[in-house]
Amino acid sequence: MGASWLDPVNGYAKYVDMTSWADWYLVSELTRNQDSAFFASCKLYKERDTAAAPGRLRMGPLWDSDLSLGNGYNIAASIIRDWSGNAEAWHTRQGVWLNRMLSDPAFVAVVAARWALLRDSLYGSDGVVEWARTLALRLSYAAAADGRRWGYDADIRSRAELVFRWLRRRVAWLDPRIKTPVVVNRINN
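Presented here is a report on the structure given in the accompanying data block. What you are looking at is a predicted structure, and each value in this text was computed from that prediction instead of being measured.

A short note on helix α5 (residues 156–179)
Line of reasoning, step 1. Over its 24 residues, α5 extends 34 Å from the first C-alpha to the last, a length consistent with the 34 Å expected when each residue adds 1.5 Å.
Line of reasoning, step 2. The sharpest bend along α5 comes to roughly 25 degrees, located at Trp-173, with the proline Pro-176 sitting one to four residues further on.
Line of reasoning, step 3. Those residues of α5 hidden inside the fold are in contact with α1 (18–30), α3 (105–122) and α4 (128–150).

What about the pattern of salt bridges?
Line of reasoning, step 1. In the structure shown here, the tally under the stated rule is eight salt bridges.
Line of reasoning, step 2. The salt bridge involving Asp-23 is made with Arg-114; its shortest N-O contact spans 2.7 Å. With Asp-23 in helix α1 and Arg-114 in helix α3, this pair connects stretches of sequence that are 91 residues apart.
Line of reasoning, step 3. Residue Arg-114 is classed as partly exposed on the basis of its relative accessible area of 27%.
Line of reasoning, step 4. Arg-58 is paired through a salt bridge with Glu-47; the nearest N and O atoms lie 3.5 Å apart.

Thresholds, definitions, all that
Residues numbered from 1 in each chain as written. Predicted model: local features only at pLDDT ≥ 70, side-chain atom pairs only at ≥ 80, totals over all residues. Heavy atoms only, no water. Helix = DSSP H or I, 4+ residues; strand = E, 2+ residues; numbered from the N terminus. Expected span 1.5 Å × (residues − 1). Bend = angle between axes of the 7 residues up to and from the residue. Contact = heavy atoms within 4.5 Å. Salt bridge = Lys/Arg side-chain N within 4 Å of Asp/Glu carboxyl O. Buried < 20%, exposed > 50% of the residue type's maximum accessible area, 1.4 Å probe, protein only.

What follows is the structure, encoded as structure tokens:
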């Protein structure tokens with residue numbers, strides 16, 4: 001039996017919007033979102049069918065990111081960790097659908113192209129990280145007042161720096177692996 005699921009006309013690509021799946025996968029893997037391995041909180045929708053073609057299955061919106069960017073829940077200790085989680089491991093690609101799609105060279109090419117765009121938007125004076133730094137500074141006074149009122153440490157700037165350090169480690173780990181993808185388990189047809 002051949003790889004009919006890879007057929008660009010009649011295989012899965014006919015029913016899946018690869019760009020939305022690649023974007024969702026990359027953001028989820030970049031942030032190492034603990035809920036993104038199709039265990040919980042993964043949202044998707046199907047476009048309407050038309051006379052010309054069936055509607056495609058799209059990933060999104062991104063959802064439930066409290067356990068991401070190194071932040072995680074330690075069930076044994078019943079506490080939220082403080083951005084010390086592992087930045088050097090796959091997570092999202094453990095989901096069966098994405099694992100299968102990552103054995104498709106066409107999808108891997110879309111992922112690599114989208115990673116180049118996403119990666120370039122992270123850093124620099126107008127990048128996402130600098131925007132988040134500015135936002136943390138703007139929110140720091142309100143967060144400090146809230147912390148004083150409710151009795152918790154609300155040093156949002158130092159917490160943001162922990163996230164940025166984790167993100168730098170994550171990007172450094174992902175960079176060579178996205179460009180040269182490694183499939184966790186190849187699923188046979």
